[in-house]
Amino acid sequence: MQLGGDHGREEVIISYICHDVEKISSRGLWFGDDPLAYSVPLLLLQLSLVSIFTRSIYFLLKPFGQPSIVSQILGGVILGPSIMGRNSSFAAKVFPPKGRALFETLSLFGFMLSVFLIGVKMDPNMLLRSGKRAIAIGFSAFSVPYALASFVAFMLEQFSSLDPDLSKALPYVVALQTLTAFPTLACFLEELKILNSELGRLASSSSIVCDVCHWFILAVKFLIELASKRSIKMSFGFLFSVGLLLVIVLFGVRPAVLWAIRHTPEGEPIKEIYVFVVLVILLVMGFTGEAIGLNAFVPSFLLGLVIPDGPPLGAALVEKLDCFVSVLLMPIFFTMCGLRMDVFAIQQFKTVATIQLIVFVAFTGKIIGSALPPLFCRMPVLDAISLGLIMNSKGVVELFVLIAWKMEHVLNEECFAIMIISVVIVTGIVSPLVKILYDPSKRFLAYRRRTILHHTQREELRMLACVHRQDNVPAIIDLFAASNPTTESPINLVVLHLVKLVGRASSLLVPHQPREKPSSSQYPSHSERIFNAFNNFQQHYSEHMTVHCFKGISPHATMHNDVCSLALEKRSTFIIIPFHKFWVSGSVVETSHSLRHLNKNVLDKAPCSVGVLVDRGNRRKFLSSLRINTSLYRVATLFFGGADDREALAYAGRMSKHSNILTTLFCFSSSTDIVEGSARSKALDTDVLSKFRLSAFRDDRVSFEEVAVTNGEGVLDVLRSLDGAYDLVMVGRRHGESWLMTQIGKWDELGELGTIGEILASSEIKISASILVVQQQTKVWGLRDPEESMHLKTEYATQDL
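Keep in mind that this is a model prediction, so the values were computed, not measured.

(A) Representation of the overall build of the protein in the model. Secondary structure assignment for the protein yields 29 helices and 13 strands. Taken as a whole, the protein presents about 36,500 Å² of accessible surface, with 61% of it coming from carbon and sulfur.

(B) Main features of the environment of Val424. In this fold, Val424 is placed in helix H18 (residues 413–437). Residues Val424 and Gln66 lie 358 residues apart in sequence; the distance between their C-alpha atoms is 10.0 Å. Setting aside chain neighbours within four positions, we find Val424 in contact with Val70, Ile73 and Leu74.

(C) Spotlight on the packing of aromatic side chains. The final tally for this structure, using the stated rule, is nine aromatic pairs. The structure contains a cluster of three or more aromatic residues connected by ring pairs, namely Phe111, Phe333 and Phe400. The residue whose ring lies beneath Arg693 is Phe704, and the NZ or CZ to ring-centre distance is 4.3 Å.

(D) Representation of the packing of helix H7 (residues 132–159) against helix H15 (residues 349–376). Orientation of H7 relative to H15, taken along the N-to-C sense of each, is 150 degrees, at an axis distance of 7 Å. In terms of orientation, H7 and H15 fall into the roughly antiparallel class. The handedness of the crossing between H7 and H15 comes out as right-handed. Facing H7, whose interface residues are Ala136, Ile137, Ser140, Ala141, Val144, Pro145, Leu148, Ala149, Val152, Ala153 and Leu156, H15 presents Thr354, Leu357, Ile358, Val361, Ala362, Gly365, Lys366, Gly369, Ser370, Pro373 and Pro374.

(E) Summary view of the pairing of strand S13 (residues 770–775). Of all six residues making up S13, six are buried, and the element is well covered by its neighbours. Side-chain alternation along S13 places Ser770, Leu772 and Val774 on one buried face and Ile771, Val773 and Gln775 on a second face that is also buried. With five bridges joining them, strand S8 (residues 609–614) and S13 adopt antiparallel strand pairing. Looking at S13, one finds that Val610 is bridged to Gln775. Where strand S12 (residues 728–732) and S13 come together, five bridges link them in parallel fashion. Across the sheet, the residue bridging to Gly732 is Val774, located in S13.

(F) Region of the structure containing the nonpolar core. Counting 124 residues, the largest nonpolar core has Phe116 and Phe333 as the members making the most contacts within it. Here this core takes 14 residues from helix H14 (residues 313–340), the largest share from any one element. Sequence-distant contacts of Phe333, that is, excluding residues within four places in its chain, are made with Ser107, Phe111, Val396, Leu399, Phe400 and Ile403. One finds Ile575, Val602, Ile759 and Ile767 within the second-largest nonpolar core, a separate group that totals 53 residues.

(G) How the structure looks around the side chain of His735. Along the chain, His735 falls in the loop between S12 and helix H27 (739–744). Here Asp645 takes part through its side chain, which lies 3.1 Å from a polar atom of the side chain of His735.

(H) Looking closely at the side chain of Thr184. Mapping Thr184 onto the fold places it in helix H9 (residues 182–192). Separated by 3.1 Å, the side chains of Thr184 and Glu398 make a polar contact.

(I) Molecular detail of the sheet that holds strand S4 (residues 545–554). With mixed pairing, the 11 strands of this open sheet are ordered in space as S3-S4-S2-S1-S5-S8-S13-S12-S9-S10-S11. Every other strand in the sheet has two partners, leaving strand S3 (508–511) and strand S11 (702–708) as the edge strands with one partner each. Along the sheet, successive strands turn relative to each other by an average axial angle of 20 degrees, direction set aside. Two strands pair when backbone bridges link them, and strand S10 (residues 661–669) and S11 are joined in this way by seven bridges, in the parallel orientation.

(J) Geometry of the confidence of the model for the protein. Chain-level statistics for the protein give a pLDDT mean of 78 and a share of 84% at 70 or above. Per-element confidence in the protein is highest for strand S5 (residues 574–578), whose mean pLDDT is 91, and lowest for helix H29 (residues 790–800), whose mean pLDDT is 41. Segment residues 623–628: pLDDT under 50, and 12 contacts once partners within four positions in sequence are set aside and those in other chains are kept.

(K) Structural detail: the environment of Glu459. The topology assignment puts Glu459 in the loop between H18 and strand S1 (461–467). For the pair Glu459 and Pro490, spaced 31 residues apart in sequence, the C-alpha separation works out to 7.4 Å.

(L) Seen up close, a nonpolar patch on the surface. Together, Phe236, Phe240, Leu244, Leu246, Val247, Ile248, Leu250 and Phe251 give the surface a local cluster of nonpolar side chains, amounting to about 830 Å² of exposed area. Considering the arrangement of structural elements, one finds Phe251 in helix H11 (residues 232–262). Taking the relative accessible area as the measure of exposure, Phe251 reaches 66% and is therefore exposed.

(M) Broad picture of the pairing of S4. Counting buried positions over the 10 residues of S4 gives seven, a clear majority of the element. Across 10 bridges, the pairing between strand S2 (residues 491–500) and S4 is parallel. Bridged to Leu496 within S4 is Phe550. Where S3 meets S4, four bridges bridge the pair, whose relative direction is antiparallel. From the neighbouring strand, Leu509 faces S4, where its bridge partner is Gly552.

(N) Structural context of the pattern of salt bridges. Summed over the entire model, instances satisfying the criterion amount to 10 salt bridges. A salt bridge links Glu272 to Lys320; the shortest N-O distance between them is 3.0 Å. Here the residue Glu272 occupies a position in helix H12 (residues 272–292), and Lys320 occupies one in helix H14, the gap between them amounting to 48 residues. Put simply, Arg469 and Asp471 hold a salt bridge, and the shortest N to O gap is 3.6 Å. Judged by relative accessible area, Asp471 falls into the partly exposed class, the value being 43%.

(O) Quick look at the environment of Tyr274. Relative to the helices and strands, Tyr274 is located in helix H12. Since its relative accessible area comes to 16%, Tyr274 is described here as buried. Each C-alpha atom of the pair Tyr274 and Val257 lies 8.5 Å from the other, and the pair is 17 residues apart in sequence. Tyr274 has contacts with Trp259, Ala260 and Thr264, leaving out every residue within four places of it along the chain.

(P) Seen up close, unusual backbone geometry. A positive phi angle, near 60 degrees, is found at Asn484, a position not held by glycine. Secondary-structure assignment places Asn484 in the loop between helix H19 (473–482) and S2. For Asn484, a relative accessible area of 12% gives the class buried. A positive phi is found at Arg571, a non-glycine position, where the angle reads about 55 degrees. As for its placement among the helices and strands, Arg571 is situated in the loop between helix H21 (559–569) and S5.

About the criteria used
Residues numbered from 1 in each chain as written. Predicted model: local features only at pLDDT ≥ 70, side-chain atom pairs only at ≥ 80, totals over all residues. Heavy atoms only, no water. Helix = DSSP H or I, 4+ residues; strand = E, 2+ residues; numbered from the N terminus. Areas by Shrake-Rupley, 256 points an atom, 1.4 Å probe, with all protein chains shown as cover. Contact = heavy atoms within 4.5 Å. Phe/Tyr/Trp six-rings, centres within 6.5 Å; stacked < 30°, edge-to-face > 60°. Lys NZ or Arg CZ within 6 Å of the ring centre and 35° of its normal. Axes fitted to C-alpha atoms, helices over the stretch in contact; angles between N-to-C directions. Parallel < 35°, antiparallel > 145°, perpendicular 65-115°, else oblique. Left-handed = near helix turned anticlockwise from the far one by under 90°. Buried < 20%, exposed > 50% of the residue type's maximum accessible area, 1.4 Å probe, protein only. Pairing = 2+ DSSP bridges. Core = buried A, V, L, I, M, F, W, Y, C linked by side-chain atoms within 4.5 Å. Polar contact = N/O pair within 3.5 Å; in protein donor to acceptor, adjacent residues only side chain to side chain. pLDDT = per-residue confidence, 0-100. Patch = residues over 30% accessible without salt bridge, like charges linked within 9 Å, V, L, I, M, F, W, Y side chains within 5 Å. Salt bridge = Lys/Arg side-chain N within 4 Å of Asp/Glu carboxyl O.

Right under this line is the structure:
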């Protein structure tokens, strides 16, 4: 037997490992022949080998788009009887039969906790919220592959002489291939970072429907088998025990959990005693399930299901257990699957061909069944195929089912090995194909220009404001108050509260539904306090502004999908996102790298213009100053040139029409080009500057200052002079390369605000005003360079008229 084509190297590795094990054994670190006596050093050695091999394989396969489950199973295969375990010395010393008890116990305990956490993360209401399309997809994704695979299995049994073990296994092979387990699919979507994409949400809802169909069929078969093979008394006792367990969970544990949640104030962590009690109940439920004849994992899942997902209790359980389970225990489980498999048990090509034929038919049938309903709903073909591939994902649930069937002698060693290989192959094929076929950012391309610059005067301005916490609200409200909502040009504002996904398996993007009769004992939630602030703001502009509130719960890595998809759906022209740094007490800066990543993704993929709002802690309430109609709001716009500066200037032009706003434009010039750009871009710069200069002559509240600079230090001097003189400073994000920008770039920090924006937001330039860094829409369907488009030239000509 060879490993990597080098038999001698493999023997050396195994001999070194066995030598170390013998040294540990000689020191008396494990004890005699007692199978319950197990050494901690041996367990640590096993875990070390598992970690080394699985991580090495993961990094080797990562460039090919392979998920972690593939590397973990392959790591077990290498350590198991298929490769290294074929060496009798290695198998006897590293994975002895009586020394695997603790290793296997840890793996099954890890699966039990994993199933419990999956139940905690699940929202049973998703089945009720599933639309007609998800129900149709889920039912079709189960029935089509089940019918096709069952027909093929029937024909093989009728017209081909199969071994008794293979004939016995075929119905189970069909059942496994038609399964689309929601826990597996949720983990798959999260690893691909498409959990909160349109396709991800549709797949999640459809998989739950498919699960219900699958487990309903299995339950009916189980009850028929129970009635035929066991006495009536035993069957009645089993059903009564299961029913009693369900009653205890639903009417005993569930109300107690809800009571604990109600007595936990919002925003505060739940008491540790509640978490401890839940874990004790989990162990009791597992033991009870085994005692009445159920698998311990069924009551564990039911217990997790009755615990509400998300904070406080669900999030606390996930936070405390998820890392321990996913990083330590579940790799042991996957490795154990590989250790139990022996590829040399596969002896007959006919068995391989038969099982793989059914796997292929079910795989194809699931793609067809999953893709047909969306195609009738006019979903793009590639997206429909991607959905079918996602519904074919395999993982932890399927592996556990295979192990259970092997232990029950439903599958022999040969069929078990073939099925494990099929899981690895299907998962290995599906993951890279989905990455190639489905890109959620392609859905965010708009078919027309959505910018403030191209917004017509007498048209509703649609804007989207993203909020992470209450501290973001005052600066955003000030900005919208300055945006001059009027009867001729009202503002349609969408407020999106972005919440990190914690303690949930599926993301959520829903409109806010206010409580009809809030009780005096119920304090408003964090989202309600944010939305109430914007609703109160709307009351001051009831005829000029409408506010729509949404809540998005998703992982930070894919949160931009919620922002971009909602902006596309609501046809927003401008997105406001808070800067990732927060000023506390005027000087201390709190940084969130995940929010920085979110901002970069929104800037890169947004279907419209974007503004990053930097709140420097200036708590001046612009709205209240408008009531007394005496205070003025001072806005400065910095213009160097380029599309982003033109967009910022267009926004400043809208603000300048407000009677309480003083607008100043600082136009930087030099003997050479301030920024590089095409001839078309420079012509557009000249055009918008001329229009703004003309408005400055007509309106005393608008001023124009041309600033001649010779080096980067001159620009910095102007930026420093803004402190204390203005309430809002606006500038474009991107500027073309030039000698001036190269000099200024020495002070620039790497970030999402661009050269000038990063300097304004840095601690070196102490400006108390809020800063808005603007980026004009970067992508339009079918246009590589919008500035050079003949269609846009026509737009500008129309605007001039």
